[in-house]
Amino acid sequence: MPAVIVVGAGNAAFAAAVAAAEQGARVTMLERAPEDEAGGNTRFTAGAMRFAYRGVDDLRRLMPNLTDEEVARTDFGAYPEERFFEDMGRVTDYRTDPDLCELLVRRSRDTLLWMGEKGIAFNPIWGRQAFLVDGRFTFWGGLTVEASGGGPGLVTGWTTIASRMGIDIRYGARALALIADDDGVKGVRVRQDGRTREQLADAVVLAAGGFEANVEWRTRYLGPGWDTAKVRGARFNTGDGLRMALEIGAMAAGQWSGCHAVGWERNAPEFGDLAVGDGFQKHSYPFGVMLNANGERFVDEGADFRNYTYAKYGRVILAQPGQFAWQIFDAKVRRLLRDEYRIRQVTKVTADTIEALVEKLEGVDAARALETIRTFNAAVRTDVPFDPNVKDGRRAEGVSPPKSNWANPLDQPPFEAYAVTCGITFTFGGLRIDRRAQVLDQDQAPIPGLYAAGEMVGGLFYDNYPGGSGLTSGAVFGRIAGASAGGPR
(Lines give C-alpha, C1' and ligand atoms only; values in the text may rest on other atoms or scores of the structure.)
Protein backbone atom coordinates (compact mmCIF):
# COMPACT_ATOMS: atom_id res chain seq x y z
CA MET A 1 0.00 0.00 0.00
CA PRO A 2 1.70 3.25 -1.11
CA ALA A 3 1.90 6.13 1.35
CA VAL A 4 0.85 9.57 0.13
CA ILE A 5 1.20 12.87 1.99
CA VAL A 6 -1.07 15.75 1.00
CA VAL A 7 0.06 19.17 2.20
CA GLY A 8 -3.01 21.30 2.87
CA ALA A 9 -6.66 20.71 3.75
CA GLY A 10 -8.72 22.83 1.38
CA ASN A 11 -10.80 21.77 -1.59
CA ALA A 12 -7.83 20.81 -3.81
CA ALA A 13 -6.11 18.94 -1.00
CA PHE A 14 -9.19 16.93 -0.12
CA ALA A 15 -9.84 16.06 -3.76
CA ALA A 16 -6.26 14.80 -3.96
CA ALA A 17 -6.50 12.85 -0.73
CA VAL A 18 -9.78 11.17 -1.69
CA ALA A 19 -8.52 10.32 -5.19
CA ALA A 20 -5.31 8.83 -3.76
CA ALA A 21 -7.28 6.79 -1.24
CA GLU A 22 -9.44 5.48 -4.10
CA GLN A 23 -6.23 4.05 -5.59
CA GLY A 24 -5.58 2.15 -2.36
CA ALA A 25 -3.01 4.54 -0.93
CA ARG A 26 -2.56 5.25 2.77
CA VAL A 27 -3.11 9.02 2.92
CA THR A 28 -2.01 11.58 5.49
CA MET A 29 -3.03 15.24 5.24
CA LEU A 30 -0.84 17.88 6.89
CA GLU A 31 -2.82 21.04 7.69
CA ARG A 32 -0.86 23.98 9.06
CA ALA A 33 -3.93 25.62 10.62
CA PRO A 34 -5.54 24.45 13.85
CA GLU A 35 -8.76 22.52 13.35
CA ASP A 36 -11.02 25.52 14.03
CA GLU A 37 -9.34 27.51 11.23
CA ALA A 38 -8.68 24.64 8.82
CA GLY A 39 -9.75 24.56 5.19
CA GLY A 40 -7.54 27.18 3.58
CA ASN A 41 -9.16 29.70 1.27
CA THR A 42 -11.95 27.23 0.47
CA ARG A 43 -13.55 27.94 3.81
CA PHE A 44 -13.81 31.66 3.00
CA THR A 45 -15.49 31.25 -0.39
CA ALA A 46 -19.15 31.29 -1.30
CA GLY A 47 -18.66 27.83 -2.86
CA ALA A 48 -19.49 28.64 -6.51
CA MET A 49 -18.09 26.16 -9.04
CA ARG A 50 -18.02 26.74 -12.79
CA PHE A 51 -18.34 23.67 -14.99
CA ALA A 52 -19.43 22.77 -18.50
CA TYR A 53 -22.97 21.44 -18.73
CA ARG A 54 -25.25 20.75 -21.68
CA GLY A 55 -28.55 21.65 -20.09
CA VAL A 56 -30.87 21.05 -17.19
CA ASP A 57 -30.49 17.25 -17.38
CA ASP A 58 -26.81 17.57 -16.45
CA LEU A 59 -27.78 19.84 -13.58
CA ARG A 60 -30.37 17.37 -12.32
CA ARG A 61 -27.76 14.62 -12.27
CA LEU A 62 -25.67 16.84 -10.02
CA MET A 63 -28.63 18.14 -8.00
CA PRO A 64 -31.24 15.35 -7.86
CA ASN A 65 -33.38 17.36 -5.43
CA LEU A 66 -34.10 20.00 -8.09
CA THR A 67 -37.90 20.02 -8.40
CA ASP A 68 -40.05 20.19 -11.53
CA GLU A 69 -41.50 23.48 -10.29
CA GLU A 70 -38.01 24.99 -9.89
CA VAL A 71 -37.06 23.85 -13.36
CA ALA A 72 -40.28 25.25 -14.83
CA ARG A 73 -39.71 28.75 -13.47
CA THR A 74 -36.00 28.94 -14.26
CA ASP A 75 -33.92 29.39 -17.36
CA PHE A 76 -30.74 27.52 -16.46
CA GLY A 77 -29.48 27.70 -20.02
CA ALA A 78 -26.42 25.68 -21.01
CA TYR A 79 -22.72 26.22 -20.61
CA PRO A 80 -20.99 24.03 -23.20
CA GLU A 81 -17.28 23.40 -23.19
CA GLU A 82 -16.85 25.82 -26.09
CA ARG A 83 -18.09 28.71 -23.98
CA PHE A 84 -15.89 27.71 -21.05
CA PHE A 85 -12.86 27.65 -23.39
CA GLU A 86 -13.89 31.02 -24.82
CA ASP A 87 -14.25 32.56 -21.36
CA MET A 88 -10.89 31.21 -20.19
CA GLY A 89 -9.17 32.60 -23.26
CA ARG A 90 -10.93 35.94 -23.28
CA VAL A 91 -10.45 36.90 -19.64
CA THR A 92 -6.78 35.82 -19.55
CA ASP A 93 -6.01 37.56 -22.86
CA TYR A 94 -5.37 34.04 -24.25
CA ARG A 95 -2.35 33.48 -22.01
CA THR A 96 -3.88 30.48 -20.23
CA ASP A 97 -1.80 27.33 -20.67
CA PRO A 98 -3.55 25.25 -23.37
CA ASP A 99 -2.96 21.87 -21.74
CA LEU A 100 -4.06 22.99 -18.29
CA CYS A 101 -7.06 24.83 -19.70
CA GLU A 102 -8.12 21.74 -21.64
CA LEU A 103 -7.94 19.58 -18.52
CA LEU A 104 -9.92 22.12 -16.51
CA VAL A 105 -12.71 22.44 -19.06
CA ARG A 106 -12.93 18.84 -20.29
CA ARG A 107 -12.89 17.34 -16.80
CA SER A 108 -15.01 19.92 -15.00
CA ARG A 109 -18.34 18.12 -15.40
CA ASP A 110 -17.09 14.65 -14.51
CA THR A 111 -15.21 16.02 -11.52
CA LEU A 112 -18.28 17.68 -10.02
CA LEU A 113 -20.31 14.52 -10.63
CA TRP A 114 -17.54 12.55 -8.89
CA MET A 115 -17.73 14.94 -5.94
CA GLY A 116 -21.48 14.43 -5.84
CA GLU A 117 -21.07 10.67 -5.86
CA LYS A 118 -18.68 10.97 -2.93
CA GLY A 119 -21.20 12.97 -0.92
CA ILE A 120 -20.69 16.67 -1.72
CA ALA A 121 -24.09 18.35 -2.14
CA PHE A 122 -24.76 21.18 -4.62
CA ASN A 123 -27.47 23.83 -5.05
CA PRO A 124 -28.37 26.37 -7.73
CA ILE A 125 -27.02 29.84 -6.94
CA TRP A 126 -30.45 31.45 -6.85
CA GLY A 127 -29.52 34.52 -4.84
CA ARG A 128 -26.35 35.61 -6.60
CA GLN A 129 -26.50 34.45 -10.22
CA ALA A 130 -30.13 34.82 -11.24
CA PHE A 131 -32.53 37.73 -10.98
CA LEU A 132 -36.30 37.38 -10.99
CA VAL A 133 -37.67 39.25 -14.02
CA ASP A 134 -41.32 38.89 -15.08
CA GLY A 135 -41.78 35.92 -12.77
CA ARG A 136 -38.86 33.92 -14.15
CA PHE A 137 -35.29 33.38 -12.95
CA THR A 138 -32.57 33.55 -15.60
CA PHE A 139 -29.03 32.44 -14.80
CA TRP A 140 -26.25 34.51 -16.34
CA GLY A 141 -22.50 34.47 -16.71
CA GLY A 142 -22.05 30.70 -17.06
CA LEU A 143 -22.16 30.11 -13.31
CA THR A 144 -25.07 28.10 -11.93
CA VAL A 145 -23.97 25.85 -9.07
CA GLU A 146 -22.52 26.20 -5.58
CA ALA A 147 -21.55 23.71 -2.92
CA SER A 148 -24.25 23.38 -0.31
CA GLY A 149 -23.31 25.52 2.67
CA GLY A 150 -20.83 27.54 0.64
CA GLY A 151 -17.13 27.20 1.36
CA PRO A 152 -17.60 26.08 4.98
CA GLY A 153 -20.10 23.47 3.83
CA LEU A 154 -17.66 22.23 1.20
CA VAL A 155 -14.88 21.81 3.79
CA THR A 156 -17.25 20.02 6.17
CA GLY A 157 -18.43 17.72 3.38
CA TRP A 158 -14.90 16.84 2.31
CA THR A 159 -13.82 16.27 5.92
CA THR A 160 -16.68 13.82 6.46
CA ILE A 161 -15.81 11.93 3.28
CA ALA A 162 -12.10 11.80 4.15
CA SER A 163 -12.77 10.53 7.66
CA ARG A 164 -15.09 7.86 6.31
CA MET A 165 -12.31 6.71 3.96
CA GLY A 166 -9.76 6.44 6.76
CA ILE A 167 -7.67 9.44 5.68
CA ASP A 168 -5.51 10.78 8.53
CA ILE A 169 -5.94 14.56 8.90
CA ARG A 170 -3.32 16.19 11.13
CA TYR A 171 -4.03 19.76 12.23
CA GLY A 172 -1.43 22.25 13.40
CA ALA A 173 1.11 20.36 11.29
CA ARG A 174 3.27 22.77 9.31
CA ALA A 175 5.25 21.30 6.43
CA LEU A 176 8.72 22.86 6.48
CA ALA A 177 10.64 21.15 3.69
CA LEU A 178 10.53 18.31 1.22
CA ILE A 179 12.75 15.31 1.80
CA ALA A 180 14.33 14.67 -1.59
CA ASP A 181 17.39 13.22 -3.27
CA ASP A 182 18.43 12.35 -6.82
CA ASP A 183 15.67 9.74 -6.99
CA GLY A 184 12.91 12.23 -6.17
CA VAL A 185 10.75 13.24 -3.23
CA LYS A 186 10.64 10.84 -0.27
CA GLY A 187 8.55 12.74 2.27
CA VAL A 188 8.14 15.93 4.27
CA ARG A 189 9.83 17.56 7.24
CA VAL A 190 6.98 18.69 9.47
CA ARG A 191 6.65 20.64 12.71
CA GLN A 192 3.74 19.83 15.03
CA ASP A 193 3.20 20.46 18.75
CA GLY A 194 6.56 22.18 18.97
CA ARG A 195 8.50 19.21 17.59
CA THR A 196 10.11 18.75 14.16
CA ARG A 197 10.20 15.31 12.57
CA GLU A 198 10.47 13.63 9.20
CA GLN A 199 7.54 11.78 7.66
CA LEU A 200 8.37 9.53 4.75
CA ALA A 201 6.05 8.73 1.86
CA ASP A 202 6.04 7.33 -1.65
CA ALA A 203 4.57 10.58 -3.02
CA VAL A 204 3.71 14.09 -1.89
CA VAL A 205 0.90 16.29 -3.22
CA LEU A 206 1.35 20.00 -2.57
CA ALA A 207 -1.99 21.79 -2.22
CA ALA A 208 -1.08 24.49 0.28
CA GLY A 209 -2.31 27.61 -1.53
CA GLY A 210 -0.50 30.64 -2.85
CA PHE A 211 1.49 33.38 -1.11
CA GLU A 212 -1.26 35.97 -0.67
CA ALA A 213 -0.87 36.06 3.14
CA ASN A 214 2.90 36.69 2.92
CA VAL A 215 3.33 40.46 2.99
CA GLU A 216 7.00 40.27 1.95
CA TRP A 217 6.33 38.01 -1.04
CA ARG A 218 3.34 40.14 -2.10
CA THR A 219 5.55 43.19 -2.23
CA ARG A 220 8.37 41.29 -3.93
CA TYR A 221 6.29 39.71 -6.68
CA LEU A 222 3.13 41.82 -7.04
CA GLY A 223 4.79 45.18 -6.50
CA PRO A 224 4.59 48.34 -4.37
CA GLY A 225 1.32 48.89 -2.54
CA TRP A 226 0.44 45.24 -2.20
CA ASP A 227 1.85 45.16 1.33
CA THR A 228 -1.25 47.04 2.48
CA ALA A 229 -3.85 44.96 0.64
CA LYS A 230 -6.40 43.09 2.75
CA VAL A 231 -6.22 39.29 2.66
CA ARG A 232 -9.65 37.79 1.98
CA GLY A 233 -8.88 34.31 3.21
CA ALA A 234 -6.55 32.20 5.34
CA ARG A 235 -3.67 33.79 7.22
CA PHE A 236 -1.70 30.58 6.71
CA ASN A 237 -1.25 30.85 2.92
CA THR A 238 2.26 32.25 3.02
CA GLY A 239 3.80 30.30 0.14
CA ASP A 240 5.35 27.45 2.13
CA GLY A 241 4.47 24.86 -0.49
CA LEU A 242 5.89 26.96 -3.31
CA ARG A 243 9.08 27.65 -1.38
CA MET A 244 9.63 23.96 -0.58
CA ALA A 245 9.22 22.95 -4.21
CA LEU A 246 11.45 25.71 -5.56
CA GLU A 247 14.15 24.76 -3.04
CA ILE A 248 14.48 21.31 -4.62
CA GLY A 249 14.58 22.65 -8.17
CA ALA A 250 10.94 22.85 -9.24
CA MET A 251 10.15 25.16 -12.13
CA ALA A 252 8.07 28.27 -11.50
CA ALA A 253 5.23 28.96 -13.93
CA GLY A 254 2.43 31.41 -14.54
CA GLN A 255 1.97 35.05 -13.63
CA TRP A 256 3.90 35.66 -10.43
CA SER A 257 3.04 39.35 -10.68
CA GLY A 258 -0.69 38.62 -10.91
CA CYS A 259 -3.47 37.69 -8.53
CA HIS A 260 -7.20 37.43 -7.96
CA ALA A 261 -8.20 40.62 -6.14
CA VAL A 262 -11.62 42.15 -5.57
CA GLY A 263 -13.46 45.11 -4.10
CA TRP A 264 -13.50 44.46 -0.34
CA GLU A 265 -14.86 46.28 2.70
CA ARG A 266 -12.47 49.18 3.35
CA ASN A 267 -12.28 48.62 7.10
CA ALA A 268 -12.17 44.82 7.05
CA PRO A 269 -9.49 43.15 9.21
CA GLU A 270 -6.05 42.29 7.83
CA PHE A 271 -7.00 38.65 7.20
CA GLY A 272 -10.28 36.86 6.56
CA ASP A 273 -12.78 36.58 9.39
CA LEU A 274 -14.53 33.21 9.49
CA ALA A 275 -17.50 34.75 11.28
CA VAL A 276 -18.10 37.00 8.26
CA GLY A 277 -16.74 34.68 5.58
CA ASP A 278 -17.19 36.13 2.11
CA GLY A 279 -19.43 38.94 3.35
CA PHE A 280 -16.79 41.66 3.10
CA GLN A 281 -16.85 41.45 -0.73
CA LYS A 282 -18.87 44.09 -2.56
CA HIS A 283 -19.82 42.79 -6.02
CA SER A 284 -22.96 44.69 -7.09
CA TYR A 285 -20.94 47.52 -8.64
CA PRO A 286 -22.31 46.82 -12.19
CA PHE A 287 -25.57 48.46 -11.04
CA GLY A 288 -23.98 51.65 -9.69
CA VAL A 289 -20.91 53.81 -10.11
CA MET A 290 -17.52 53.74 -8.39
CA LEU A 291 -15.72 56.97 -7.47
CA ASN A 292 -12.14 57.43 -6.25
CA ALA A 293 -10.72 60.06 -3.89
CA ASN A 294 -10.62 62.58 -6.71
CA GLY A 295 -14.37 62.18 -7.18
CA GLU A 296 -13.88 60.48 -10.55
CA ARG A 297 -15.02 57.21 -12.10
CA PHE A 298 -12.10 54.97 -13.05
CA VAL A 299 -13.55 51.72 -14.49
CA ASP A 300 -16.36 50.64 -16.78
CA GLU A 301 -18.57 49.16 -14.07
CA GLY A 302 -20.73 47.47 -16.70
CA ALA A 303 -18.01 46.14 -18.99
CA ASP A 304 -19.21 42.56 -18.51
CA PHE A 305 -21.02 40.34 -16.05
CA ARG A 306 -19.57 40.56 -12.55
CA ASN A 307 -18.18 37.02 -12.97
CA TYR A 308 -15.70 38.27 -15.55
CA THR A 309 -14.54 41.54 -13.98
CA TYR A 310 -14.58 41.29 -10.18
CA ALA A 311 -11.32 39.35 -9.88
CA LYS A 312 -9.34 42.11 -11.63
CA TYR A 313 -11.01 45.24 -10.25
CA GLY A 314 -9.37 44.87 -6.84
CA ARG A 315 -6.04 45.68 -8.44
CA VAL A 316 -7.58 48.74 -10.09
CA ILE A 317 -8.96 49.96 -6.74
CA LEU A 318 -5.55 49.46 -5.12
CA ALA A 319 -4.04 51.76 -7.75
CA GLN A 320 -6.41 54.64 -6.86
CA PRO A 321 -5.37 57.53 -4.60
CA GLY A 322 -5.53 56.27 -1.03
CA GLN A 323 -6.23 52.72 -2.27
CA PHE A 324 -10.00 53.03 -1.85
CA ALA A 325 -13.23 53.80 -3.69
CA TRP A 326 -16.92 54.36 -2.98
CA GLN A 327 -19.67 52.37 -4.68
CA ILE A 328 -22.83 54.44 -5.11
CA PHE A 329 -26.40 53.21 -5.74
CA ASP A 330 -29.88 54.68 -5.75
CA ALA A 331 -33.23 53.23 -4.70
CA LYS A 332 -34.00 51.80 -8.18
CA VAL A 333 -31.38 49.07 -7.84
CA ARG A 334 -31.37 48.47 -4.11
CA ARG A 335 -33.32 45.20 -4.52
CA LEU A 336 -30.51 43.89 -6.74
CA LEU A 337 -27.74 44.40 -4.17
CA ARG A 338 -26.24 41.17 -2.90
CA ASP A 339 -26.65 40.12 0.73
CA GLU A 340 -23.11 41.22 1.53
CA TYR A 341 -24.31 44.84 1.46
CA ARG A 342 -26.59 44.15 4.42
CA ILE A 343 -24.09 42.83 6.94
CA ARG A 344 -23.35 44.77 10.12
CA GLN A 345 -19.62 45.14 9.39
CA VAL A 346 -19.93 47.62 6.54
CA THR A 347 -18.74 51.19 5.89
CA LYS A 348 -21.89 52.83 4.54
CA VAL A 349 -23.42 56.30 4.18
CA THR A 350 -26.92 57.26 3.06
CA ALA A 351 -28.65 60.48 2.09
CA ASP A 352 -31.84 61.75 0.50
CA THR A 353 -29.97 63.88 -2.07
CA ILE A 354 -26.85 63.32 -4.13
CA GLU A 355 -25.54 66.68 -2.87
CA ALA A 356 -25.78 65.47 0.72
CA LEU A 357 -24.36 62.05 -0.13
CA VAL A 358 -21.12 63.27 -1.71
CA GLU A 359 -20.43 65.38 1.39
CA LYS A 360 -20.47 62.16 3.42
CA LEU A 361 -17.95 60.30 1.23
CA GLU A 362 -14.91 60.33 3.49
CA GLY A 363 -11.70 61.24 1.67
CA VAL A 364 -13.46 62.24 -1.58
CA ASP A 365 -13.43 65.57 -3.43
CA ALA A 366 -17.16 66.28 -2.99
CA ALA A 367 -17.44 69.01 -5.61
CA ARG A 368 -15.80 66.88 -8.27
CA ALA A 369 -17.88 63.85 -7.24
CA LEU A 370 -21.09 65.82 -7.70
CA GLU A 371 -19.97 66.99 -11.12
CA THR A 372 -19.04 63.42 -12.11
CA ILE A 373 -22.45 62.06 -11.09
CA ARG A 374 -24.36 64.82 -12.87
CA THR A 375 -22.35 64.26 -16.05
CA PHE A 376 -22.88 60.51 -15.79
CA ASN A 377 -26.64 60.89 -15.26
CA ALA A 378 -26.94 63.00 -18.39
CA ALA A 379 -25.01 60.44 -20.44
CA VAL A 380 -27.25 57.40 -19.71
CA ARG A 381 -29.20 55.97 -22.66
CA THR A 382 -32.55 55.79 -20.89
CA ASP A 383 -34.23 54.75 -24.15
CA VAL A 384 -32.60 51.30 -23.80
CA PRO A 385 -34.46 48.94 -21.39
CA PHE A 386 -32.65 47.89 -18.22
CA ASP A 387 -32.29 44.11 -17.72
CA PRO A 388 -29.90 42.74 -15.06
CA ASN A 389 -30.01 39.20 -16.52
CA VAL A 390 -28.36 40.07 -19.83
CA LYS A 391 -25.75 42.46 -21.13
CA ASP A 392 -28.48 44.95 -21.94
CA GLY A 393 -26.48 47.62 -23.81
CA ARG A 394 -27.99 50.32 -21.61
CA ARG A 395 -24.92 52.48 -21.59
CA ALA A 396 -23.55 55.86 -20.62
CA GLU A 397 -22.12 57.55 -23.69
CA GLY A 398 -19.67 60.42 -23.98
CA VAL A 399 -18.12 59.89 -20.56
CA SER A 400 -14.71 58.48 -19.74
CA PRO A 401 -14.60 55.69 -18.89
CA PRO A 402 -17.87 54.66 -20.55
CA LYS A 403 -20.37 52.38 -18.88
CA SER A 404 -21.32 49.65 -21.35
CA ASN A 405 -24.28 47.97 -19.64
CA TRP A 406 -26.76 48.42 -16.77
CA ALA A 407 -26.35 52.20 -16.66
CA ASN A 408 -28.99 54.02 -14.63
CA PRO A 409 -29.09 57.67 -13.63
CA LEU A 410 -28.54 58.12 -9.92
CA ASP A 411 -31.75 60.07 -9.39
CA GLN A 412 -34.07 58.14 -7.05
CA PRO A 413 -33.56 58.59 -3.30
CA PRO A 414 -32.52 57.35 -0.89
CA PHE A 415 -28.92 57.06 -2.07
CA GLU A 416 -26.36 54.66 -0.60
CA ALA A 417 -22.56 54.47 -0.81
CA TYR A 418 -20.16 51.78 0.38
CA ALA A 419 -16.41 52.18 0.95
CA VAL A 420 -14.18 49.49 -0.58
CA THR A 421 -10.50 48.72 -0.89
CA CYS A 422 -8.56 45.83 -2.41
CA GLY A 423 -8.98 42.32 -1.06
CA ILE A 424 -6.51 39.74 -2.41
CA THR A 425 -7.88 36.23 -2.83
CA PHE A 426 -5.05 34.16 -4.28
CA THR A 427 -1.90 34.58 -6.32
CA PHE A 428 -1.56 33.34 -9.91
CA GLY A 429 2.12 32.38 -9.84
CA GLY A 430 2.80 28.71 -9.15
CA LEU A 431 4.60 25.57 -10.22
CA ARG A 432 4.80 24.01 -13.65
CA ILE A 433 3.02 20.66 -13.82
CA ASP A 434 2.32 18.14 -16.55
CA ARG A 435 -0.99 16.53 -17.46
CA ARG A 436 -0.63 14.07 -14.55
CA ALA A 437 -0.24 17.05 -12.17
CA GLN A 438 3.38 16.01 -11.59
CA VAL A 439 5.69 18.90 -10.78
CA LEU A 440 8.43 19.56 -13.34
CA ASP A 441 11.99 20.62 -12.61
CA GLN A 442 13.82 23.49 -14.26
CA ASP A 443 14.72 21.25 -17.20
CA GLN A 444 10.98 20.47 -17.49
CA ALA A 445 11.49 16.85 -16.43
CA PRO A 446 9.04 15.33 -13.91
CA ILE A 447 10.22 15.29 -10.30
CA PRO A 448 9.52 11.73 -9.10
CA GLY A 449 7.06 11.61 -6.25
CA LEU A 450 5.96 15.27 -6.35
CA TYR A 451 2.55 16.58 -7.48
CA ALA A 452 0.68 19.87 -7.11
CA ALA A 453 -2.90 21.15 -7.26
CA GLY A 454 -5.07 24.14 -6.49
CA GLU A 455 -3.63 27.63 -6.19
CA MET A 456 -0.13 26.18 -6.48
CA VAL A 457 -0.64 25.37 -10.17
CA GLY A 458 0.88 28.11 -12.30
CA GLY A 459 -0.26 28.99 -15.80
CA LEU A 460 -4.06 28.81 -15.71
CA PHE A 461 -4.96 32.40 -14.87
CA TYR A 462 -3.49 35.73 -15.96
CA ASP A 463 -4.71 39.13 -14.71
CA ASN A 464 -8.24 37.75 -14.34
CA TYR A 465 -10.31 34.56 -14.19
CA PRO A 466 -13.90 33.45 -14.80
CA GLY A 467 -15.77 33.42 -11.49
CA GLY A 468 -16.09 29.98 -9.92
CA SER A 469 -13.22 28.45 -11.88
CA GLY A 470 -10.83 28.47 -8.90
CA LEU A 471 -12.65 25.85 -6.85
CA THR A 472 -13.26 23.80 -9.99
CA SER A 473 -9.57 23.95 -10.85
CA GLY A 474 -8.71 22.81 -7.34
CA ALA A 475 -11.05 19.83 -7.60
CA VAL A 476 -9.99 18.86 -11.14
CA PHE A 477 -6.24 19.02 -10.56
CA GLY A 478 -6.54 17.72 -7.01
CA ARG A 479 -8.29 14.63 -8.34
CA ILE A 480 -5.65 14.18 -11.07
CA ALA A 481 -2.78 14.70 -8.62
CA GLY A 482 -4.19 12.27 -6.07
CA ALA A 483 -4.87 9.57 -8.63
CA SER A 484 -1.36 9.99 -10.03
CA ALA A 485 0.29 10.00 -6.59
CA GLY A 486 -1.64 6.99 -5.34
CA GLY A 487 -1.55 4.97 -8.53
CA PRO A 488 1.05 2.62 -9.97
CA ARG A 489 4.50 4.06 -10.72
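The rules behind these values
- Residues numbered from 1 in each chain as written.
- Predicted model: local features only at pLDDT ≥ 70, side-chain atom pairs only at ≥ 80, totals over all residues.
- Heavy atoms only, no water.
- Helix = DSSP H or I, 4+ residues; strand = E, 2+ residues; numbered from the N terminus.
- Rg over C-alpha atoms; globule rule 2.2 N^0.38 Å.
- Buried < 20%, exposed > 50% of the residue type's maximum accessible area, 1.4 Å probe, protein only.
- Contact = heavy atoms within 4.5 Å.
- Areas by Shrake-Rupley, 256 points an atom, 1.4 Å probe, with all protein chains shown as cover.
- Lys, Arg positive; Asp, Glu negative; His and termini not counted.
- Charge placed at Lys NZ, Arg CZ, Asp CG, Glu CD.
- Polar contact = N/O pair within 3.5 Å; in protein donor to acceptor, adjacent residues only side chain to side chain.
- Pairing = 2+ DSSP bridges.
- Expected span 1.5 Å × (residues − 1).
- Bend = angle between axes of the 7 residues up to and from the residue.
- Salt bridge = Lys/Arg side-chain N within 4 Å of Asp/Glu carboxyl O.
- Core = buried A, V, L, I, M, F, W, Y, C linked by side-chain atoms within 4.5 Å.
- Arc of directions from axis to C-beta.
- Axes fitted to C-alpha atoms, helices over the stretch in contact; angles between N-to-C directions.
- Left-handed = near helix turned anticlockwise from the far one by under 90°.
- Nonpolar A, V, L, I, M, F, W, Y, C, P; charged D, E, K, R; others polar.
- Phe/Tyr/Trp six-rings, centres within 6.5 Å; stacked < 30°, edge-to-face > 60°.

Visitor: Honestly, the overall build of the protein chain in this entry has me stumped. Any pointers?
Guide: Summing up its helical and strand segments, the protein chain has 13 helices and 23 strands in all. Here the C-alpha radius of gyration of the protein chain, 23 Å, is about what a compact globule of 489 residues would show, namely 23 Å. Once the C-alpha set of the protein chain is aligned to its principal axes, its extents read approximately 70 × 50 × 40 Å. Every one of the 489 residues in the protein chain was classed for burial, and the buried ones make up 61%. Taking the contacts inside the protein chain whose residues are at least 6 apart along the sequence as the reference set, 73% of them involve residues at least 24 apart. Carbon and sulfur atoms provide 47% of the accessible area of the protein chain, an area that totals close to 18,400 Å². Distance between charge centroids for the protein chain: 2 Å, based on 57 positive and 63 negative side chains.

Visitor: Is there a simple way to explain the side chain of asparagine 41 in this structure?
Guide: You can see asparagine 41 is positioned in the loop between β2 (26-31) and β3 (48-49). A polar contact of 3.0 Å, which involves the side chain of asparagine 41, links it to the backbone oxygen of threonine 425.

Visitor: Could you clarify how one ought to interpret the sheet that holds strand β6 (residues 130-133) in this entry?
Guide: To summarise the sheet geometry, strands pair through backbone hydrogen bonds and adopt either a parallel or an antiparallel arrangement. Judged by pairing direction, the sheet is mixed, and its three strands sit side by side in the order β4-β7-β6 without closing on themselves. A single partner strand is all that each edge strand has here, and the edge strands are β4 (74-75) and β6. Relative to strand β7 (residues 136-139), β6 runs antiparallel, the two sharing four bridges. In the sheet register, alanine 130 faces β7, and the bridge partner there is phenylalanine 139.

Visitor: Teacher, can you tell me more about helix α5 (residues 98-118) here?
Guide: Three or four residues apart is the spacing at which side chains of an α-helix point the same way, because the helix has 3.6 residues per turn. If you check α5, its first and last C-alpha atoms are 29 Å apart, about what 21 residues at 1.5 Å a residue would give, namely 30 Å. At serine 108, α5 is bent by approximately 55 degrees, the largest bend along its length. Within the span of α5, buried status applies to Leu100, Cys101, Leu103, Leu104, Val105, Ser108, Arg109, Thr111, Leu112, Leu113, Trp114 and Met115. One side-chain oxygen at the N-terminal end of α5 lies 3.0 Å from the backbone nitrogen of aspartate 99; it belongs to aspartate 97. Glycine 119 occupies a position one or two residues after α5 and carries a positive phi of about 130 degrees.

Visitor: Explain the pattern of salt bridges here, please?
Guide: Enumeration according to the criterion identifies 39 salt bridges in this entry. Put simply, arginine 73 and glutamate 69 hold a salt bridge, and the shortest N to O gap is 3.0 Å. Residue classification places glutamate 69 among the partly exposed positions, given a relative accessible area of 49%. The closest approach of N and O atoms between arginine 232 and aspartate 278, which form a salt bridge, is 2.5 Å. With arginine 232 in the loop between β14 (230-231) and α9 (240-247) and aspartate 278 in the loop between β16 (259-265) and β17 (289-291), this residue pair connects regions lying 46 residues apart in the sequence. Side by side, arginine 232 and aspartate 278 carry an identical accessibility label, which is buried. It is possible to trace a salt-bridge network through shared partners that takes in Arg32, Arg174, Asp240, Arg243 and Glu247.

Visitor: Quick question: what am I supposed to make of the nonpolar core here?
Guide: One recurring pattern in soluble globular proteins is that nonpolar side chains are buried together. Grouped together as the largest cluster of nonpolar side chains are 138 residues, with contacts concentrated most on Trp158, Leu206 and Phe477. Take this core: its biggest share by element is ten residues, from helix α1 (residues 11-22). Apart from the residues within four sequence positions on either side, phenylalanine 477 is in contact with Leu100, Leu103, Leu104, Ile433, Ala437, Ala452, Ala453 and Leu460. Formed by 27 residues, the second largest nonpolar core is a distinct cluster that contains Ala293, Ala351, Val380 and Leu410.

Visitor: When you look at helix α10 (residues 310-318) in this model, what are you seeing that I'm missing?
Guide: Regarding α10, the residues found buried are Tyr310, Ala311, Tyr313, Gly314, Ile317 and Leu318. Viewed end-on, α10 has its buried residues packed into an arc of 160 degrees, placing them on one side of the element. As for α10, its buried residues are in contact with β16, β17, β18 (325-329) and β20 (415-427).

Visitor: Looking at this structure, I do not really get the side chain of aspartate 87. What am I missing?
Guide: Take aspartate 87: it is sitting in helix α4 (residues 81-91). A distance of 2.7 Å separates the side chain of aspartate 87 from the side chain of tyrosine 79, its partner in a polar contact. If we skip the residues at most four places from it in the chain, aspartate 87 touches Arg50, Tyr79, Tyr308 and Pro466.

Visitor: Before we go on, may I ask you to explain the packing of α4 against α5 in this structure?
Guide: Between two packed helices, the angle of one axis relative to the other and the distance separating the axes together describe the packing. At a minimum axis distance of 10 Å, the contact between α4 and α5 shows a crossing angle of 150 degrees. Note that α4 runs across α5; the crossing there is right-handed. Together, Glu81, Phe84, Phe85 and Met88 of α4 and Cys101, Glu102, Leu104, Val105, Arg106 and Ser108 of α5 make up the contact between the two elements. A per-class count over the contact of α4 with α5 returns six nonpolar, one polar and three charged.

Visitor: Sorry if this is basic, but what is going on with the packing of aromatic side chains here?
Guide: When we look at a pair of aromatic rings, we describe it by the centre distance and by the angle of the planes. Across all of its chains, the model carries 31 aromatic pairs by this definition. Taking 6.1 Å as the distance between ring centres and 80 degrees as the angle between the ring planes, the aromatic pair formed by phenylalanine 287 and phenylalanine 386 counts as edge-to-face. Of the two residues, phenylalanine 287 is situated in the loop between β16 and β17 and phenylalanine 386 in the loop between α12 (366-379) and β20; the sequence distance between them amounts to 99 residues. When the ring of tyrosine 341 is compared with that of tyrosine 418, the centres are 4.8 Å apart and the planes differ by 85 degrees; the resulting orientation is edge-to-face. With tyrosine 341 in the loop between β18 and β19 (348-351) and tyrosine 418 in strand β20, this residue pair connects regions lying 77 residues apart in the sequence. The pair tyrosine 341 / tyrosine 418 is uniform in exposure class, with both members buried.

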